[in-house]
Every structure is written in C-alpha cells, then in structure tokens.
Amino acid sequence: MQSLEDIKAKIKDALPGLDCVIGWERGWSPLHGTPLFMRSPEDVDRLTWGPFNVGNPATYLTGFKGKKVGVVVKGCDSRSVVQLLQEKLVKREDVVVFGMPCEGVVDLTKVARKVGDIALVNAAVRAGGTLSVTTPEGMVEIPWEEVAADKCLSCQYPNALVSDHFAGEPLPPAMGRDPAAEQLAALEAMAPAELFAHWAKVMERCIRCYACRNACPMCVCRDHCIAQTRDPHWLTQEDSTREKLMFQMIHALHLAGRCTECGECQRSCPVDIPILALRRKLNAVVKDLFDYQAGVDPQAVPPLFTFQVEEAKINERGW
Amino acid sequence: METAKFLPESSLEAWLAELASSGELIVPRREGDAVVFGPYDPNVPLELSRDATAPPKSVVFPACEELLRYTYVKDAEDISKTGMSVEEVTPACGAVVFGARPCGARGFTVYDRVFDAEGMRDPYYAARRAATAFVTLACREAGSACFCHWVGSGPADPQGSDVLLTPVPGGYVAEAVTEKGAALLASPLMAPAGKHAGEAKAVRAKAMESLDTAQDVSPAREALLAAFDDMDFWNRMSAKCISCGACTYLCPTCYCFNITDEAQGNGGTRLRSWDNCMSFQFTLEASGHNPRPTKAHRLKNRVGHKFSYYPGIHGGVVACCGCGRCIRSCPAGVDIREIVLAAMERATAKPQE
Ligand code: SF4
Ligand code: SF4
Ligand code: SF4
Ligand code: SF4
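Described below are features of the structure shown in this document. Please read all numbers here as calculations on a predicted model, not as lab measurements. (Residues numbered from 1 in each chain as written. Chains lettered and ligands numbered in written order. Predicted model: local features only at pLDDT ≥ 70, side-chain atom pairs only at ≥ 80, totals over all residues. Heavy atoms only, no water.)

### A word on helix α12 (residues 336–349) of chain B
What sets the pattern is the α-helix's 3.6 residues per turn: residues three or four places apart point alike. Residues and elements named next belong to chain B. Stated precisely, the cut-off is as follows: Per the convention used, a helix needs a DSSP run of H or I reaching at least four residues, while a strand needs a run of E reaching at least two, with both numbered from the N terminus. Here the expected length of a helix is defined as 1.5 Å per residue gap, with one fewer gap than residues. Relative accessible area decides the class of each residue, using a 1.4 Å probe on protein chains only: under 20% of the type maximum gives buried, over 50% gives exposed, and in between gives partly exposed. Any pair of residues with heavy atoms lying within 4.5 Å of one another is described as a contacting pair.
Over its 14 residues, α12 extends 20 Å from the first C-alpha to the last, a length consistent with the 20 Å expected when each residue adds 1.5 Å. Regarding α12, the residues found buried are Ile-336, Arg-337, Ile-339, Val-340, Ala-342, Ala-343, Met-344 and Arg-346. Taken together, the buried residues of α12 touch α7 (220–226), α8 (231–238), α10 (295–313) and α11 (325–328).

### Regarding the interface of chain A and chain B
Formally: Buried area: the accessible area, evaluated with a 1.4 Å probe, that two parts lose upon being put together, summed over both parts. By definition here, a salt bridge exists when the distance from a side-chain nitrogen of Lys or Arg to a carboxyl oxygen of Asp or Glu is within 4 Å. Polar contact criterion, stated in full: a pair of N or O atoms within 3.5 Å, where within protein one must be able to donate a hydrogen and the other to accept it, and residues adjacent in sequence count only if both atoms are side-chain atoms.
Contact with chain A, which involves 38 residues of that partner, is made by 46 residues of chain B. Summed over the three residues of chain A that lose the most area to chain B, namely Trp-28, Asp-223 and Arg-230 of chain A, the buried surface amounts to 20% of that side. Across the chain A-chain B interface, the total number found is 2 salt bridges. Across the pair Arg-113 of chain A and Asp-33 of chain B runs a salt bridge, and its minimum N-O distance is 2.7 Å. The interface formed by chain A and chain B contains 15 residue pairs in polar contact (both at pLDDT 80 or more). Put simply, the parts of the chain that give the side of chain A that touches chain B at least two residues each are β2 (33–38), α4 (108–115), α9 (211–214) and α11 (264–268) of chain A. Take the side of chain A that touches chain B: its biggest share by element is 3 residues, from β2 of chain A.

### With respect to the site of ligand 3
Residue and element names in this part refer to chain B. Filter applied, for reference: Put simply, a residue is near a molecule or strand once any heavy atom of it comes within 4 Å of that molecule or strand. A pocket, in this scheme, is an open set of points on a 1 Å grid over the protein atoms alone with protein on both sides within 12 Å along at least 5 of 7 lines, while a cavity is a set where a 1.4 Å probe fits but cannot get out; residues line either one if an atom lies within 4 Å of a point. A molecule is said to be in a cavity or pocket once over half of its atoms fall within 2 Å of that pocket's grid points. Residues are grouped as follows: Ala, Val, Leu, Ile, Met, Phe, Trp, Tyr, Cys and Pro are nonpolar; Asp, Glu, Lys and Arg are charged; all remaining types, including Gly, are polar.
Neighbouring residues of ligand 3: Cys-241, Ile-242, Ser-243, Cys-244, Gly-245, Ala-246, Cys-247, Met-278, Cys-330, Pro-331 and Val-334. Its atoms largely coinciding with the cavity grid, ligand 3 occupies the largest cavity. Per-class residue counts for the shell around ligand 3 are 9 nonpolar, 2 polar and no charged.

### Observations concerning unusual backbone geometry
A positive phi angle, near 55 degrees, is found at Glu-261 of chain A, a position not held by glycine. Secondary-structure assignment places Glu-261 of chain A in the loop between α10 (241–254) and α11. Positive phi values are uncommon outside glycine, yet Ser-243 of chain B reaches one of about 60 degrees. Its location among the elements puts Ser-243 of chain B in the loop between α8 and α9 (246–249). With a relative accessible area of 9%, Ser-243 of chain B lands in the buried category.

### Considering the pattern of salt bridges
Residue and element names in this part refer to chain B. Summed over all chains, the structure comprises 38 salt bridges over all chains. Notably, a salt bridge pairs Glu-47 with Arg-30, separated by 2.8 Å at the nearest N-O pair. Highlighted residues: Glu-47 in the loop between β3 (34–39) and α2 (57–60) and Arg-30 in strand β2 (residues 24–31), separated in sequence by 17 residues. Since its relative accessible area comes to 29%, Arg-30 is described here as partly exposed. Among the ionic contacts, a cluster of salt bridges with common partners joins Glu-65, Asp-122, Arg-128 and Arg-272.

### Topic: the nonpolar core
Our working definition: To define a nonpolar core, start from buried Ala, Val, Leu, Ile, Met, Phe, Trp, Tyr and Cys residues and group those joined through side-chain atoms within 4.5 Å.
Within the largest apolar cluster, 92 residues are counted, with the highest numbers of intra-cluster contacts made by Ile-22 and Leu-61 of chain A together with Trp-234, Val-303, Phe-307, Ile-336 and Val-340 of chain B. Ile-22 of chain A has contacts with Leu-36, Phe-37, Met-38, Pro-57, Tyr-60, Leu-61, Phe-64, Gly-70, Val-71 and Val-72 of chain A, leaving out every residue within four places of it along the chain. Met-203, Cys-212, Leu-235 and Ala-277 of chain A belong to the second-largest nonpolar core, a separate cluster that totals 25 residues.

### Considerations on the sheet that holds strand β6 (residues 95–100) of chain B
Residues and elements named next belong to chain B. Which entries qualify depends on this criterion: Pairing between two strands is assigned when DSSP locates at least 2 bridges connecting them. Orientation is described by axes fitted as lines to C-alpha atoms, over the contacting stretch for helices, and by angles from 0 to 180 degrees between their N-to-C directions.
Strand order in the open sheet formed by 8 strands is β3-β2-β6-β9-β10-β11-β1-β12, with mixed pairing between adjacent strands. Of all strands in the sheet, those with a lone pairing partner are β3 and β12 (191–192), marking the two edges. With 3 bridges connecting them, β2 and β6 associate as parallel partners. Across the sheet, Glu-24 pairs through a bridge with Ala-95, a residue of β6. Packed on one face of the sheet, helix α6 (residues 196–209) meets β1 (5–8), β10 (163–168) and β11 (171–176) and runs near 90 degrees to β10.

### Quick word on empty space enclosed by the protein
The test is simple: Grid points are joined across faces, edges and corners, and a volume is the space filled by probe spheres set on the points.
Under the criterion given, the structure shown has 6 cavities of 30 Å³ or more. Empty space within the largest cavity amounts to approximately 130 Å³. Taken together, 15 residues make up the lining of the largest cavity; nearest its centre are Cys-247, Leu-299, Arg-302, Cys-330 and Val-334 of chain B. Top element by residues in the lining of the largest cavity is α10 of chain B. It accounts for 3 residues. Class assignment for the residues of the lining of the largest cavity results in 12 nonpolar, 2 polar and 1 charged. Counted as a void, the second largest cavity has a volume near 90 Å³. In terms of lining residues, the second largest cavity is bounded by 15 residues, among which Cys-206, Cys-209, Cys-212, Gln-248 and Cys-269 of chain A are the most central. If you list the elements that add at least two residues to the lining of the second largest cavity, you get α9 and α10 of chain A. Of the residues that constitute the lining of the second largest cavity, the class distribution is 13 nonpolar, 1 polar and 1 charged.

### What about the sheet that holds strand β5 (residues 82–88) of chain B?
All names here are of chain B. Spatially, β5-β4-β14-β13 is the arrangement adopted by the 4 strands of the open sheet, whose pairing is antiparallel. Strands with a single pairing partner mark the edges of an open sheet, and in this sheet they are β5 and β13 (257–264). In this sheet, neighbouring strand axes are inclined to one another by 25 degrees on average, regardless of whether the strands run parallel or antiparallel. Sheet analysis places β13 next to strand β14 (residues 267–274), joined by 8 bridges and oriented antiparallel. Counted as the bridge partner of Glu-262 is Thr-269 from β14.

So this is what it looks like as structure tokens:
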C-alpha cells in the first residue's frame, strides 16, 4: 500500500526528534493488531494499517507527559487527540500526528459470533467488501458490514481531524446504518424498571477489572480513580451488581461531553458487556443541551469547562 | 485406561441434571457474547465449543468473600466503653465444576502450595477446595495463544482435574483422576469405554500436534532476576500495557487478594477480594510511598512472580498454566510469552549482568 509506505517514510524522518511514535503491528493472531511503539527505523518497518488496527493509540498520550511523541491515528482516534488538546491534557507542540484515511476496523465480538473461537483463526484477510476468515474447519467469507465496528458503518470522520502528516486520498463519510443508534433507541423505549433490570443483568458478569476505564483515552485519573482509592474508601470492594453498576455510572458521568465514542471501553471489556450505550446516551443529552460533540473542533470549549448562570437550553426556573 | 467410561452425547443433559440434583453444579454458560461460569440451568445455553473467558477460579477463590462480621457493642454498665462482637463466617461449600478446560483446573495446583500447605492453611480456601470437584474437557485443538506445553502441561493434562473428559465422535470418554472423580462416574448413564478409548487417544494426539514447538522456560527463573534492575527493558516490555488488571483477574493461577473492612453504621464486614499487581494501590504503602510506581514495575512483578519468584520457592514449579487467557483478553495484546522469551534472550546476550 503506497500510503503506508509514505507514512512510514514520514515517521522515519520525524523519529530522531521524538521519544517514540505509537502505531500498530500484527499481534498474537491474524485478527489482532497490537500497539507498536516505534523507536528505530526497524520498528517502523513493522507498522501495519488496515482493519485490525482496532485499538486507540491516543490512550497512551497522557502517559508521555513532558515528552514529545508521535501518534498514528484513524479518524476516530484523532477525535480523542482533539479532545485531549481541548482539555489541555496534552500540548499541541508535544504531539506529532500521522494520519491516513480509514476504511473501518473489525469488531472481534462480531467475528466470534460468525466463526466461534477466534483463538483458532489462522488467517484473516479483508478484500473490499469481504472479510475472509480461516479456521481449522475451513474458510468463511463474511460481508464486511456484518463484522465492522458499529462506529465505522456511519463514521463521519474517516480522515484525521488534526494531523501534521497525512498520506493517502481522503475518504468521504460512511453512509451505512447506525446500529448503535438503533440499540440506543431500543433501550430508550424500555420502561425504567425494565431498563434497570437490563443493566443489572449484564453487569452481573463484570469482574471489576477496570479495563473499560484504563482503555479509555479520556479517563485520566487512572491510578487515582475513586473506584479504588483506599483513603477515603469511596466504593466498597463488594462484587455485588450494585457496586459494579455504580462504577459504570461514575465512568459514564465523568465522560459526559468528553467521550469521543471510540468504543475502547466496550471493546476492552473481557466479558463483552455492552457499556458503550451508556456513554452514547449521555453524549446525546450533551449534544441536545449544549450542541457539543466531543473531539471534533479543537477551538470549541467543552461544556464542563464553562459556566453560565442561565444556560440557553436548561430551563431552571420553569418548574 | 481400564477405568474409562463412555458418556453418549445424548446422555449429557441427563448426567448434568443428575449432578445438579445432588449439589451445586457450575458450568460454562453463554451470557450475551461472553462465556462465563455460572450455576447450571437447563434454560441457559451451555457453551463447550470454546474455553470460557474467565476460568472457574471463583468457585474455590471467590472474587469477594466475607471473612467475618463485626458489631460494636456498648457496655451496659459503663457507656464510655465499647466492646466488639465478632462472628466468623464459614464458607458455604461443595460444588461440581463441569466443562472447564484442563488448564482452568490445573491452576489450583499452583494455589495449593500457597493456601493449603503444611503449616500454612487458609481455612476458607481449604474448605472450598476439598469440597469442589472438577470435571474437565480435554481440548481438541490448541489456540494461537495457548502454550500449556511450555510449562509442562498439555491439552489433556489430568493434574487438577477429578474427571477428565475427552470429546470423541458421539460423546465423551470419561476418566476418573481422583477418588472424588470415580464417585461421579458411578452414574448408570456411563457405559464402558470400549472402542472409544482408542478414539480418545487419537483426539489427544491430534490436539498435541496442533501446538507449536515447546520452549524451555526454565532459564527464565535466572533471566528475570538478572533483568530486575533493567528498567529500560521493562519500560519497553510494558509500553502497550494499560495497567488494567484484566490479565490477573482472568488468570487461573493469580491469587493475590486485598482485605478491607466495610463499615456500615455500628458494624460491618471484613471482606477478602481479588487484588492484582497491575494496580497502583497493590503496593501503595500507608506513608504514601509506592515501591512499584509505574506499570513497568508492576508488569515486571507479574511475569517475575510466575516464572521466577514462585518457581524459586516451590521447587521450580512455574506459576502459569499456559492457558493464554491473559493474552487473549488483554485489551492491548500484551503477550506474556514474548516477555519471558525476551528476558531469556537478554540473559544470553548479556550473561554477566
Ligand atoms: S468512554 Fe469509551 S467510547 Fe468514550 S472515549 Fe472512553 S473508551 Fe472511548
Ligand atoms: S471492563 Fe468489563 S468486566 Fe472489567 S470492570 Fe469494565 S465492565 Fe467490568
Ligand atoms: S497486560 Fe493487558 S490485561 Fe494485563 S494489565 Fe496490561 S493491558 Fe491489562
Ligand atoms: S499468566 Fe496468562 S497464560 Fe499463564 S496461567 Fe495466567 S492467564 Fe494463563
């Protein structure tokens, strides 16, 4: 792929002035891309681009405070970079952004629904509208729309929203379905008791590992998260569904108007709990009240960073 | 294999019902898109076609358990004095775990040396361990994250199991590994193994063949100690780790815990819950000092514990069953095999350090 070669050349040029450049390489299976921290030209040669570059490399940026780093981004990842810049959590002069047009990434949960145990997959190739997956039982050809991440089907920002180097022809926004919106609509149609029962049921299997939190590029308290503080001990160590759901509520509320819907929280959950819907709901509320969408405009001020006595769309005195 | 029995596929449900009628039965179930262990319920689909995401370790070592309950009591004679009444909580015991892969049960052989050894017996663990039986299912095929053969195990390893099932055409060959297991095979649903015993052998041989060439990880013990102070090495190894702890919670051989008192009004409970070395709080001292301040220090502990420190005090036994769960479920794709091999390579490259 020419654009991949172009971006590699640009990264090699920039490397001497950077601590590292974060991208992806092939992981433990043909379906798994894994973060790559490039420090030498040989590392850059391992860089991959394509449907298996699922993770969001912007997650690592705040860990490099005070250093200059490069990051290779998909369009959605660039939203996290923008939001981090807006919140002044990273400095523009400390990041070099490398972008390429993204044609979508795979949702491994959806692949597992089609082929069963993805640990047994020994080959996976995307050619245009088809993902071909080979298991010991043989090859399965799956239409791309059935295994693409939800966010990709209706992605409005396939090209990096901010970049210092961009290789390849920019792509138009995707015009497919929005399965996430459909899911949200179905949840919103539930009566409160039914909705609560739904969340209680799915959170039962949560193991309180906090992968959802640590994978999130905007969750920046990390080591000092209130879910684990010892003193004060805000949340109990109980593994009751109540405590687990409580933590999800905390995460979702702390991300209101900050979540870029990259989906890393849900993707990282080892037990596949569909927690992205909670973030989407809060984002919908923020969009409605403040006409704000996280990570799309580097100049905009996030709603939680401003205060107005009379908010235009919040009728405080009208009840 | 004279003790081997045959369970036809058509009798599986009847056998599960039989096991469930005499006590708690825990099976891998499909919940949403996940496969997790939970109580047997004929209405919840049983999932045996792939290994569960989480091993059944919580059956013996719960994610959270009450150790005791306490209440402050005012002295009726002298109200300036407060006493305390403490009530010990004894664990409810006894379960059969059906359908774990051999690695998921073998993990407990690592726990036993820590929690159930001469002179050091954890009563909560020991009681549950003694009352739990594991009916495991040998793997037909190894996945690309599996490396049980590197740590002296294999897809049909009986260590840690009470009954080992091998899938064969039309059903399962069942072998008793322990007396507890033999008792479970007394069911009238079990037929003599007959020709199926040979089929089981072939299935196992095929599974063994599906694994790559085993690496000798015994040099890791010294190699990891030699790399202890090489923070540059550990920074590189841990660069993509997000320090979440999913790897430890899903690991059948990770056993660290935290103890907290959860107060409510005039009393409370003392809980023991899973902790993990990937968490900042794990070694956070009361003074505020943390000897493992970064994810690099913490991942070093995880790998070092399994492949060096534990083998060092337990006669060379590696505290990893090679199940690959930490690899499969790591959101960042951290591969413990790569780290162990890199440490070994580093040691051969720089033998003097
Ligand atoms: S909450 Fe989830 S979707 Fe939103 S930014 Fe964080 S990881 Fe991404
Ligand atoms: S990643 Fe999943 S299992 Fe882990 S704490 Fe979050 S919701 Fe729970
Ligand atoms: S190795 Fe993976 S699963 Fe474990 S803490 Fe690091 S990122 Fe999480
Ligand atoms: S360290 Fe990883 S491979 Fe080893 S037992 Fe634990 S989860 Fe399995």
